[in-house]
Amino acid sequence: MEEEEFYDAPDAFLEHHGEEGESPVTRHSDYVPPPGEVTVLYSGSETVSLGLAPLAQTDSSVRYKLQIDYSCDTQRGSVIVEDSSTVDVEGLNPGTEYTFRITRTAENGNQSKAASVSVFTEPLQPVRVTVCNVSSESLSLQWEAPAGEVESYTVTCCSEGEIVEELKTDTTSVTFSSLRPGVCYSLHVSALKNERLSKPTVTSAYTKTQLESLLEDLGLEQHYTEKLSLSKILQIDEKTITDEPVRCNSDLPWYFLKKLMMVNVTARNVKCTSECESNHGDLSEDIELDFENLLHGPNSGDILNPLDIITALFLCSDAFVQQEITLKMSVCQFSVPLLLPNCDTEKCTLMLWAMRDIVKKYRPQSLSQSKGFIEDRIVLSELPMISFVRLGECSLSKSEILNKVLSNSEQYHGTFVHSNMEGGNSQRKISDGLTEITWYLPCGNKNMDIFSEPVAIANLRGDIASFETQFSFLCQTSAAVFVLFDTSESDCKLLTAYKSCKAQIFLVGNHLNETLSLDAVKKEAKTLGLAKNNIIFRTKRMNDADFVKSLRKTVRDVVENPKMKMSIEQMVDIARELGILVDEDCPECQTAKKNADDITAEIQNTLQYKEAQLPLTGQIWKELTSLEEEEFRLRKVGSENIENYKSDLQRQKEKLRSKQNSYDISNAMICFINAISSQGIGRCYFLKWMRINLDNLSREKLSGLREQYKEKCKNSENKDKIKDIDKQLSSSSLGTEHFFREMGQIYEASVYLPETHPSRQQLQHLPRLCAGLLLDGFPLELVDGDASNIPLRWVSDVLSQLSDLVSPKSKILVVTVLGVQSTGKSTLLNTMFGVQFAVSSGRCTRGAFMLLIRINEDVRNVLNCDFMVIIDTQGLKSPELARLDDSHEHDNELATFVVGLSDITIINIAMENSTEMKDILQIVVHAFLRMKEVGKKPKCQFVHQNVSDVSAHEKNLRDRKLLLQQLNEMTQAAAKMEKKEENKSFTDVMEYSPDTGNWYIPGLWNGNPPMAPVNAGYSEAVYELKKNIIQLLGNSVSSAYDISEFKEWMSSLWNAVKHENFIFSFRNSLVADAYMRLCTEFNRWEWEFKKDMFRWVTNAETRISNFGTVAAKSEKADMRELVTYLKREACAVLTKWEKKLLDNLTQYFKQTEGHVNLVERHKKEFSNSTISFRQEMQSSLFQQLTTAADIRQGIIKLERIKENHTKQLEKRVHGLIEELRKKIVDRCL
């Protein structure tokens, strides 16, 4: 502060005012004391407080004021206040340098010298501070600049009271990096001007956990709470039918799911297509070598680890998606999660439910001679488990070694992801702690099997020091634990705590690594009590093959002599003790399990159970089916009046329906209906548990029956017992569809009750229940597999309710697969659409199931539909059903029905049964020609299975032309028979192109099951077929069905099929044509036979009628003798014609034209018909001869009577004449 000089005071002034030290000021004085030293007490953004030195004691009557003048470059002002030790100046500009000039003023206007001071006002604090771009390791701050000028900003990041980092910036944003995941950080932002900091604006933010960050990167953060459902991942969208490369990380999960649902073994090769990769191969600009670029790119560390993607998907999926993913991964021979970690909660979950659906078949060495096999759910199989873990850092790649241990020399398969696989060397973010499991299952061939007995292999990701819970679990559930390490003595101490664990401990070290301490290993081995065989080293003299061989031998010894075997289901108690969650412990799952167990626990004998608990779908339903068929076809009407016959059939149907209504709903069905009536995910769990339990029962039952069958077949005397076992094998199937079938019959029977009947009203909700399940992805049985009939009212009402549920989005397109049994058609559909039709183990069923798949918005406009209906038909030409007389008829009816429903029919052909499939197709075409109701023209695609030759399409051109030629020939034959000869070719009836309508699919397995993965070529070929089908449907000129239209079309089509009573009886159209030709020829012969015999009998009757006349003097004297003679003659003529007809028949079957070989089996039928006709003709002739003789004898008798009567009359007339003559003579005399 600057202070002005004081003037020298005069003596008179001093005398007048007192002694020295007293105030010299008086009211009459002109002197005003200056402010003295000025201090800055407070400097805010708009206010400054100044402090002044206290004024010396003066006359209290003297009053002063303070005048404060302030100025800056943009502002000037003045403030006058009462004299005080503090002065506040307000209304200033923030962040500005002000000069304050303070003077004291007396009442008389005199002023003191001025004191001045310069002050910087405080800048305003930043506003609207927001946190953005938060990740697990970084976050960004943004704010708006305050009013006034700001030179820069100071931003401080604090955690738990400590400064983590302080940054200065002249912009309004800043990014902090190298932060810790899941930590709360306090963030202070201050403005700086003229070395003055503003008050900080404070906010806080949590960094994302590794899980949150990864889920956001993958676009799955929403699904962490709203779990992915099966309907979501199975829907048809643009991603599923295009080959666009993955451009960003958010596409990776969907790419993986798309590939996995089609069981493509390349599913784990997931990465984004970078710019450098997309430009790779453009060599035109590579004029100069850039060694720096060659050495530093590309960086694989930027690629996400496949294990992180898989873990994220499991955490974001519901229980049913987890189960489906696990099943598909197992089919691909990928390892599947056993313990799933959640790095946020630091808990892990035993994935028991997820593995419930995995069923494996294998043949241990003990069954290799008998060619038997074991089939079981993998979670129920008691197997030794061998676990592999890592202690500390390890130079050996544990997963890569395991893959080599589990692979044959002829075929390597990457069961476990490892560092040398695509993306495998990327740092794992959330999958550390993941414990995977896979199984080695033998095929029974000792030259091919690595291990002779089945074994489970577990693999813990990460260091066991960080995941002791998982390690402890493995030690208690494994037969052996192999610990891989390159470690120091201190790290080895961790294993000491597990000295007494149940599992054998094996130490596996890499002697090539210099950090390996042999002394530490010896000490630890001694502490753990390990033998020499429990320590394995990769020595300098070993290559990979030798090391794998050594490791494999050790594992084999454990597998062949396991100290412990345990099923995954048995591991639950150990998991709970260790605090590991179990996915089946959710209340919905447990309630559903109890409900399903209550139903299936009662099943001892499947056949008896069906009769007791499912009575309506037994014999009564089959009788109803027969009556309905007869009602349409009238095969047994005979000479009865048709209307009376139909009325009688209707009465019989009503009687059977009344019989159905007389049954009380069984306990099993009450429990079943109640369980599926529950809302939410509970009913899905229940139906899955039902399917699991029923499949387990069927599998157990079938296994026992097969063993009995095998034993009985050894002795030829057991024919009756074999027949009985065969019948049990056929009827031992029991699945959820049987319960739905019973539910349908309960509903159909209730419709025959009065509308006001309580039972009918209580059952009206059943179709809506089933429609809801159809929307949830469960299949609906269209055609009853056992009765070969459609419960039309039930299915129609379910579809009506479905239409109401989805309205107005109710447009559907229908895709059907048709094929001979065991040609892989269900596998084809499952691979193509990712679905899983419920098929019980080992059964042979006739029927058709429909399943609904949603169409996403992005494809809806292309296909012009909302849903795709997939219809799977059970195998045609079943060997088990072939012995039935009407097997052709049932197959042909089913094929015609489903093809008529379809927009596209996939004709699945394996090379060895192409003839049977052509036969079926010809009947379909023939039926379409006969049925007026079939007005549509279905598209068809031929799929040839098990053809892997790349040149197959070109080489089979001739075969395709031949196929079309044969189909055309059949169509022409059918058209001629039906007098519809305008249909000249197969393509007039069905839409088919030999060039684009044939697909060659390689074999399903890449190797020898059970360890063979799915052939990638199979998946890719099926994917191409799927794209083509979608394209065909998109290009179709015909519009999609509405569900209500589909319902009406289904009803009319089924009625048309039931009306057909001729063509379905034949194998194909050529057989029908050949039969018609034979019938025509036989009728001609028969007519000639009849005509000749008519002539003969006319002559014979004439001879009889002439008996006894002049013209017949040479005939037999006695009528009986004549008749006997004529009968002998008739027999001779009949015999001659019988022989002629039989000879004609023999000659007919010797000819080469007319496909007579196709009706060879009818030859005996026509021979018998000839003999029968001859016998009928003989009987008729004999009757005619006898009748003619009787008539002639009657005439002769009548003539004799007339002759006698005439003689009597003549005699009497003569007598009368004589009498009259006498009278006249007498008169004359």
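All values derive from a computational prediction rather than experimental measurement.

Novice: Looking at this model, I keep getting lost on the overall build of the protein chain. Mind explaining?
Specialist: A tally of regular secondary structure across the protein chain gives 36 helices and 34 strands. The burial tally for the protein chain puts 52% of its 1229 residues in the buried class. Taking contacts inside the protein chain between residues at least 6 apart in sequence as the whole, the part at least 24 apart equals 74%. For the protein chain, the exposed area adds up to about 59,900 Å²; of that, 48% sits on carbon and sulfur atoms.

Novice: Would you mind showing me how to read the packing of helix α2 (residues 210–218) against helix α7 (residues 306–315) here?
Specialist: Think of two packed helices as two axes; the pair is described by the angle between the axes and how far apart they sit. It is the contact of α2 with α7, at a shortest axis distance of 11 Å, that shows an interaxial angle of 95°. On the basis of their axis angle, the class for α2 and α7 is roughly perpendicular. From α2, Leu211, Leu214, Leu215 and Leu218 reach across to α7, where they touch Asp308, Ile309, Ala312 and Leu315. Looking at the contact of α2 with α7 residue by residue, the classes come out as seven nonpolar, no polar and one charged.

Novice: Please explain the pairing of strand β17 (residues 347–350) as it appears in this structure.
Specialist: Two faces, one strand: in a regular strand the side chains alternate between the faces of the sheet. Pairing geometry for strand β16 (residues 336–342) and β17, over four bridges, is antiparallel. Directly across from proline 341, in β17, lies its bridge partner cysteine 348. The antiparallel pairing of β16 with β17 creates a hairpin that spans four residues between the two strands, and glutamate 346 there sits at a positive phi of about 55°. As judged from the two bridges shared by β17 and strand β26 (residues 581–582), these two strands associate in the parallel manner. Residue pairing for β26: leucine 350 is matched across the bridge by valine 582.

Novice: Looking at this structure, how should I read the sheet that holds strand β1 (residues 38–43)?
Specialist: Note: strands within a sheet are paired through backbone hydrogen bonds, in either parallel or antiparallel orientation. Read across the open sheet, the three strands follow the order β1-β2-β5; overall the sheet is antiparallel. With partners counted over all chains shown, the strands left at the sheet margins are β1 and β5 (86–89), one partner each. Between one strand axis and the next, the sheet turns through 25° on average, direction left out of account.

Novice: Would you mind going over the pairing of β1 with me for this structure?
Specialist: With five bridges connecting them, β1 and strand β2 (residues 48–52) associate as antiparallel partners. Of the residues in β2, the one forming a bridge with valine 40 is leucine 50. Joining the antiparallel neighbours β1 and β2 is a turn of four residues.

Novice: Which parts of the structure should I look at to understand the pattern of salt bridges?
Specialist: A pair can form between side chains of opposite charge whenever their charged atoms are brought close. Tallied over the entire structure, the rule returns 48 salt bridges. A salt bridge links arginine 699 to glutamate 375; its shortest N-O distance comes to 3.7 Å. Here the residue arginine 699 occupies a position in helix α20 (residues 682–712), and glutamate 375 occupies one in strand β19 (residues 374–377), the gap between them amounting to 324 residues. Each member of the pair, arginine 699 as well as glutamate 375, carries the same accessibility label: buried. Between lysine 809 and glutamate 857 there is a salt bridge whose closest N-O contact spans 3.4 Å. Of the two residues, lysine 809 sits in the loop between α25 (792–806) and β28 (811–819) while glutamate 857 sits in helix α27 (residues 857–863), which places them 48 residues apart along the sequence. Overall, the relative accessible area of 47% leaves glutamate 857 in the partly exposed class. It is possible to trace a salt-bridge network through shared partners that takes in Asp357, Arg377, Lys688, Arg691 and Asp695.

Novice: Please explain helix α22 (residues 736–751) as it appears in this structure.
Specialist: Since one α-helical turn is 3.6 residues long, residues separated by three or four positions face the same way. End to end, α22 covers 23 Å across 16 residues, agreeing with the expected 22 Å (1.5 Å per residue, within 8%). Among the 16 residues in α22, 16 count as buried, and that is most of the element.

Novice: Whenever I open this one, the nonpolar core confuses me. Can you help?
Specialist: A general feature of soluble globular proteins is that nonpolar side chains tend to end up buried together. Trp439, Phe473 and Met868 are the most contacted members of the largest nonpolar core, which has 122 residues in total. With eight residues, the single largest contributor to this core is helix α32 (residues 1016–1035). Among all residues touching tryptophan 439, those that are not within four sequence positions of it are Val336, Met355, Ile358, Ile378, Leu383, Val455, Ala456, Ile568 and Met1011.

Novice: Looking at this model, I keep getting lost on the packing of helix α4 (residues 252–261) against helix α8 (residues 319–331). Mind explaining?
Specialist: For the pair α4 and α8, the least separation of the axes is 9 Å and the interaxial angle reads 60°. Between α4 and α8, the crossing angle belongs to the class labelled oblique. Note that α4 runs across α8; the crossing there is left-handed. Contact residues: α4 offers Leu257, Leu260 and Met261, while α8 offers Glu324, Ile325, Lys328 and Met329. Along the lines of polarity and charge, the residues of the contact of α4 with α8 split into five nonpolar, no polar and two charged.

Novice: Whenever I open this one, the sheet that holds strand β6 (residues 97–106) confuses me. Can you help?
Specialist: The strand order across the open sheet formed by four strands is β4-β3-β6-β7, and the pairing between neighbours is antiparallel. The open sheet terminates on both sides in strands that have one partner only, identified here as β4 (76–82) and β7 (115–120). Geometrically, the sheet is characterised by an average inter-axis angle of 20° between neighbouring strands, direction not taken into account. As judged from the six bridges shared by β6 and β7, these two strands associate in the antiparallel manner. Looking at the pairing, arginine 101 lines up with serine 116 of β7.

Novice: Please explain the side chain of glutamine 660 as it appears in this structure.
Specialist: Tracing the sequence through the fold places glutamine 660 in helix α18 (residues 642–662). We classify glutamine 660 as buried; its relative accessible area is 1%. Aside from chain neighbours lying at most four places away, what touches glutamine 660 is Leu616, Ile620, Leu624, Gln745 and Ala749.

Novice: Hey, could you run me through the side chain of serine 135 in this one?
Specialist: Residue position: serine 135 is located in the loop between β8 (127–132) and β9 (139–144). One polar contact links the side chain of serine 135 to the main-chain amide nitrogen of glutamate 137, over a distance of 3.3 Å. Those residues in contact with serine 135 that sit more than four places away from it in its chain are Thr207, Lys208 and Ser213.

Novice: It is not clear to me how the state of the cysteines should be interpreted in this structure. Could you clarify?
Specialist: Note on terminology: disulfide describes a covalent bond linking the sulfur atoms of two cysteines. Within this structure, the stated rule accounts for zero disulfides. The cysteine cysteine 475 is free of any disulfide, with cysteine 501 supplying the nearest cysteine sulfur at 4.3 Å. A relative accessible area of 1% places cysteine 475 in the buried class.

Novice: Looking at this structure, how should I read unusual backbone geometry?
Specialist: Glycine aside, residues mostly have negative phi angles, and peptide bonds mostly take the trans form. With an omega dihedral of 5°, the bond running from serine 807 to proline 808 counts as a cis peptide bond. Summarising the element assignment, proline 808 is placed in the loop between α25 and β28. Between proline 1009 and the following residue, proline 1010, the backbone shows a cis peptide bond with an omega angle of 10°. Considering the arrangement of structural elements, one finds proline 1010 in the loop between β33 (998–1000) and α32. Non-glycine residue glutamate 195 carries a positive phi angle of around 65°.

Novice: It is not clear to me how α18 should be interpreted in this structure. Could you clarify?
Specialist: Given a rise of 1.5 Å per residue, 21 residues ought to cover 30 Å, and the 30 Å separating the end C-alpha atoms of α18 matches this to within 8%. Among the residues of α18, Tyr645, Leu649, Lys653, Leu656, Arg657 and Gln660 are the ones counted as buried. Relative to the axis of α18, the buried residues are bounded by an arc of 120° and lie together on one face. What points out from α18, more than 90 degrees from its buried face, is the exposed set Glu643, Arg651, Lys655 and Ser662. Buried residues belonging to α18 abut α17 (619–633) and α22. Backbone nitrogen of glutamate 643 and a side-chain oxygen of the N-cap are separated by 3.0 Å at the start of α18; the cap is asparagine 641.

The rules behind the values
Residues numbered from 1 in each chain as written. Predicted model: local features only at pLDDT ≥ 70, side-chain atom pairs only at ≥ 80, totals over all residues. Heavy atoms only, no water. Helix = DSSP H or I, 4+ residues; strand = E, 2+ residues; numbered from the N terminus. Buried < 20%, exposed > 50% of the residue type's maximum accessible area, 1.4 Å probe, protein only. Contact = heavy atoms within 4.5 Å. Areas by Shrake-Rupley, 256 points an atom, 1.4 Å probe, with all protein chains shown as cover. Axes fitted to C-alpha atoms, helices over the stretch in contact; angles between N-to-C directions. Parallel < 35°, antiparallel > 145°, perpendicular 65-115°, else oblique. Nonpolar A, V, L, I, M, F, W, Y, C, P; charged D, E, K, R; others polar. Pairing = 2+ DSSP bridges. Salt bridge = Lys/Arg side-chain N within 4 Å of Asp/Glu carboxyl O. Expected span 1.5 Å × (residues − 1). Core = buried A, V, L, I, M, F, W, Y, C linked by side-chain atoms within 4.5 Å. Left-handed = near helix turned anticlockwise from the far one by under 90°. Polar contact = N/O pair within 3.5 Å; in protein donor to acceptor, adjacent residues only side chain to side chain. Disulfide = S-S within 2.5 Å. Arc of directions from axis to C-beta.

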